[in-house]
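Each chain, written out:
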Amino acid sequence: MQKAAVTDHPVHELIRNRWSPRAFSDKPVEPAVLGSLFEAARWAASSFNDQPWAYLVATKEDPESFRKMLGVLVEFNQDWAKNAPVLAISVARRNFAHNGTPNRNALYDTGAATALLSVEATARGLAVHQMAGFDAEKARQTFAIPEEWEPIAAIALGYRGTPDSLSPKLKERELAPRTRKPIREFVMTGSWGHTASFALK
Ligand SMILES: Cc1cc2nc3c(=O)[nH]c(=O)nc-3n(C[C@H](O)[C@H](O)[C@H](O)COP(=O)(O)O)c2cc1C
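### What about helix H2 (residues 31-42)?
Residues separated by three or four positions in an α-helix point in the same direction, a consequence of the helix having 3.6 residues per turn. Spanning 12 residues, H2 covers 16 Å between terminal C-alpha atoms, matching the ideal 16 Å at 1.5 Å per step. Along H2, the positions that sit buried rather than exposed are Val33, Leu34, Leu37, Ala40 and Ala41. Buried residues in H2, looked at end-on, bunch into an arc of 120°, giving them a common side. Exposed residues pointing more than 90 degrees away from the buried face of H2 are listed as Pro31 and Ala32. Against the buried residues of H2 lie strand E1 (53-59), strand E2 (86-93), helix H5 (106-123), strand E3 (126-131) and strand E4 (149-159).

Encoded structure:
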């Protein structure tokens, strides 16, 4: 199912076509494709080129690992993410590798890496659905994540499935139109609250 964004300004089709489905096909994701997705994440920009991200990945081919990762999601997310062929958790290192001082952009950079992964996935006909709804402490325990690393977001990814595979409530959400604030609400110039003229359209 396609759910292209209806944009106020033209953007690349990869941006329009990226969205977060809850229906996934059971088609496995080839290891080479997974390699490309994380290669895309690798090339994200980051403060001091610190690359403060890491990912734990569980595919259905490793049922034990998949079961453990599914188990750290909140129930609402487990309900649909169990059908995705691949789950992951993004993790960020909060201090710089080169001097150990706090990196206030660590989460920002990790989000940027996952955004690039999502665009690469879209280009390859896959979909990514990120989740805040997971137990970070349980993830730390389950996967022995070291103290200096922080679990940030869970991720379901795979090929899109049919909305008919979802419960009626989730199907309704799957089919709902995508919405966004207009750019005039968040693009300013001069001082806070002054909308940039190009954003007024
Ligand atoms: C960091 C983050 C956390 C999210 N957490 C959840 C979640 O726990 N459960 C869920 O169903 N969707 C979650 N989402 C998906 C958002 O609801 C979705 O991205 C948003 O509604 C915009 O829709 P779109 O991605 O299809 O454009 C999350 C997205 C992000 C980026």
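There's more to say after this.
### Let's talk about the side chain of Thr114
Mapped onto the secondary structure, Thr114 falls in helix H5. Discounting chain neighbours no more than four positions away, the residues touching Thr114 are Tyr55, Ser90, Gln130 and Ile155.

### Examining the sheet that holds E2
Spatially, 4 strands are ordered E1-E2-E4-E3 in an open sheet, and the strand pairing comes out antiparallel. Each end of this open sheet is capped by a strand with a single partner; those strands are E1 and E3. Within this sheet the neighbouring strands show an average axis-to-axis angle of 25°, counted without direction. Across 7 bridges, the pairing between E1 and E2 is antiparallel. From the neighbouring strand, Ala54 faces E2, where its bridge partner is Val91. In the packing of helix H3 (residues 63-70) onto the sheet, contacts are made with E1 and E2, and the angle to E1 comes to roughly 120°.

### Here we look at the side chain of Arg140
Take Arg140: it is sitting in helix H6 (residues 136-143). For Arg140, a relative accessible area of 15% gives the class buried. Setting aside residues no more than four positions away along its own chain, Arg140 makes contact with Ile145, Pro146, Glu147, Trp149, Glu150 and Pro151.

### Brief notes about the packing of H2 against H5
Put simply, H2 and H5 touch, their axes get as near as 7 Å, and they point 140° apart. With respect to each other, H2 and H5 are oriented oblique. The two elements H2 and H5 meet at a crossing, and its hand is right-handed. Along its contact with H2, which presents Ser36, Leu37, Phe38, Ala40 and Ala41, the element H5 presents Ala113, Leu116, Leu117, Glu120 and Ala121.

### Observations concerning the site of the ligand
As a matter of local geometry, the ligand sits amid 14 residues, with Ser20, Arg22, His129, Ala132 and Arg178 nearest to it. A distance of 2.9 Å separates a nitrogen atom of the ligand from a polar side-chain atom of Asn77. Contact distances for the ligand include 2.7 Å between an oxygen atom and a side-chain N or O atom of Arg178. About the coverage of the ligand: the protein hides 62% of its 620 Å² of free accessible area. Broken down by secondary-structure element, the contributors of at least two residues to the shell around the ligand are helix H4 (75-81) and E3. For the shell around the ligand, the class distribution of residues is 5 nonpolar, 5 polar and 4 charged.

What counts and how
- Residues numbered from 1 in each chain as written.
- Predicted model: local features only at pLDDT ≥ 70, side-chain atom pairs only at ≥ 80, totals over all residues.
- Heavy atoms only, no water.
- Helix = DSSP H or I, 4+ residues; strand = E, 2+ residues; numbered from the N terminus.
- Expected span 1.5 Å × (residues − 1).
- Buried < 20%, exposed > 50% of the residue type's maximum accessible area, 1.4 Å probe, protein only.
- Arc of directions from axis to C-beta.
- Contact = heavy atoms within 4.5 Å.
- Pairing = 2+ DSSP bridges.
- Axes fitted to C-alpha atoms, helices over the stretch in contact; angles between N-to-C directions.
- Parallel < 35°, antiparallel > 145°, perpendicular 65-115°, else oblique.
- Left-handed = near helix turned anticlockwise from the far one by under 90°.
- Near = heavy atom within 4 Å.
- Polar contact = N/O pair within 3.5 Å; in protein donor to acceptor, adjacent residues only side chain to side chain.
- Areas by Shrake-Rupley, 256 points an atom, 1.4 Å probe, with all protein chains shown as cover.
- Nonpolar A, V, L, I, M, F, W, Y, C, P; charged D, E, K, R; others polar.

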